[in-house]
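Spelled out, the chains give:
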2 protein chains.
Amino acid sequence: MTIYDTNSWQGIKSEVIRRINDRQWQPGDLIPSEVELSEQFGCARATVNRALQDLADAGVLDRRRKAGTRVALNPVRKATLEIPVIRKDAEARGGTYSFDLLSQQEFTPSANLQNKYRLDPNISLVGLYTLHRANLKPFAYEERWINLAVVPEITQADLTSISANEWLVNHTPLSRGEFGFSATNATKPEALLLQCDEGAALFTVNRVTWSGEAPITAVRLVYAPGYSMVSIV
Amino acid sequence: MTIYDTNSWQGIKSEVIRRINDRQWQPGDLIPSEVELSEQFGCARATVNRALQDLADAGVLDRRRKAGTRVALNPVRKATLEIPVIRKDAEARGGTYSFDLLSQQEFTPSANLQNKYRLDPNISLVGLYTLHRANLKPFAYEERWINLAVVPEITQADLTSISANEWLVNHTPLSRGEFGFSATNATKPEALLLQCDEGAALFTVNRVTWSGEAPITAVRLVYAPGYSMVSIV
DNA sequence: CAGTGGTCTAGACCACAAG
DNA sequence: TTGTGGTCTAGACCACTGG
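For clarity, every value in this text was computed on a predicted model and none was experimentally measured.

Draft legend 1. Here's a closer look at the relation of the copies chain B and chain A. At an RMSD of 0.1 Å, chain B and chain A line up after a rotation of 180° and a shift of 0.1 Å along the axis. The transformation relating the two chain copies, once decomposed into turn and shift, fits a two-fold axis. A share of 100% of the interface residues of chain B reappears at the interface of chain A, consistent with the copies meeting face to face through the same patch.

This is the structure in structure tokens:
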């Protein structure tokens, strides 16, 4: 346990946490204003501000101008998932990473894709089917399409030596995305690829990545049985 | 798209992002120091600091004293999962929430639990088995134990009217935890409870919550088929 | 050692929203 | 209208760590 001075922002943060845990300040309660607290703690208001903002980010406090700062009624548990590049993930689980690019072809978006992602019918997409391995054993199976209208350069890349995943991460440094996590039963082809029984429960990630209004890529990733994604809060 | 002035920290943040996306600053590159940037932007160093710290938190920049600030080589994708109380989750999915407390009993930790969670063999735990429902249909099945040495007050609570989950959230406002997400095949009893086929792929969450060195509670939660946990980055 | 980020201060002005 | 948080400034000192 690290101890902080009470006129450091971390110290103020722990003190606030202590008061909440002690139930001096209960859920829904209004806590003193920044000015009052800075007087209590004998520090600058900016220091209190830093501490309270941090706690508000964490979902512990609710702050509104003029209305003041309250202890959150529904302390949302926020878990920050670090989603590593698959290669790192496989390596971290003690394996040597490799992958097979099973197939790659260009196509134009189906009506379904056009609607779902607001894609122009005339653009080209690349479809990629990849089996990721750790120590040569199947680790995850990936189905992906990439929007060539956004990243045409990828046609120049050798996607058998670097995975599309990594290429994209390094060439589109910042982007919005949506993740969906679910569980699906292995289909027969998936079972063959992942060397598991048909119907086995597979941890599944769906991801769409956007650059402004245009989708860059969408992925469906099914992990071999036993995979677990861990997060520390 | 919101536009910020370049001497606000948000403005500086977007400008830095722009330079990274333009590849003026490439992954691994050292970017100018805070002092240099504050001169370039005509603002105080603290403002630049705020912007760069934000980007470092997001995993876009790597910062080290004396070594300076670099564009991250492995831009970690961080997804912030908001993990709501089950009731809210069920309600957000358009249902009326209810639950059945199937069983509740006190016991002392098995050798296995003692080892895994460093539990004293003499303390008492409560085991709870709960079926959560949305619109009366099974939503998730929960197995949980709670450490009475840490929260003895819970024996006073009526856990048939408020779920243990919510009681704990409101009485242990801040705590560390670990989440694990995986997929499991429905066992026969789970299939009965969740009204699905045996073997169906179920999204599963394991959670352990700690208060200092002592575990407060551990939960295994299996969701009815079709559940998907969504996160926006 | 010296240069970088990390933090604190005292003061100021602004933006928002409750009354 | 007015009290609250949100932000910026100019300056200062500190903590870490690379050279």
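Here the narrative resumes.
Draft legend 2. Structural context of the environment of Arg45(B). All names here are of chain B. Locating Arg45 in the fold gives a position in helix H3 (residues 45-57). On the basis of relative accessibility, which here comes to 47%, the residue Arg45 falls in the partly exposed class. Considering only alpha carbons, one finds Arg45 and Glu34, 11 residues apart in sequence, at a separation of 6.0 Å. Excluding residues that lie within four positions of it along the chain, Arg45 makes contacts with Glu34, Val35 and Ser38. In terms of polar contacts, Arg45 uses its side chain to reach the side chain of Glu34, at 2.5 Å.

Draft legend 3. Structural detail: the interface of chain B and chain A. In this complex, chain B contributes 49 residues to the contact, which on the side of chain A involves 49 residues. Surface buried jointly by chain B and chain A totals about 4300 Å² across both partners, of which 54% is contributed by carbon and sulfur atoms. Our enumeration of links across chain B and chain A arrives at zero salt bridges. Inspection of the chain B/chain A interface yields 12 residue pairs in polar contact (both at pLDDT 80 or more). Mapped onto the side of chain B that touches chain A, the elements with two or more residues apiece are helix H1 (9-21), H3, strand E4 (77-83), helix H6 (164-171), strand E8 (176-185), strand E9 (201-211) and strand E11 (228-232) of chain B. Here the side of chain B that touches chain A gets 10 residues from one element, more than from any other, and that element is E8(B). Bridge count between strand E4 (residues 77-83) of chain A and E4(B): seven bridges; the pairing is antiparallel. Bridged to Lys78(A) within E4(B) is Glu82(B).

About the criteria used
Residues numbered from 1 in each chain as written. Chains lettered and ligands numbered in written order. Predicted model: local features only at pLDDT ≥ 70, side-chain atom pairs only at ≥ 80, totals over all residues. Heavy atoms only, no water. Least-squares fit on C-alpha atoms with pLDDT ≥ 70 in both. Contact = heavy atoms within 4.5 Å. Helix = DSSP H or I, 4+ residues; strand = E, 2+ residues; numbered from the N terminus. Buried < 20%, exposed > 50% of the residue type's maximum accessible area, 1.4 Å probe, protein only. Polar contact = N/O pair within 3.5 Å; in protein donor to acceptor, adjacent residues only side chain to side chain. Buried area = accessible area lost by both parts, 1.4 Å probe. Salt bridge = Lys/Arg side-chain N within 4 Å of Asp/Glu carboxyl O. Pairing = 2+ DSSP bridges.

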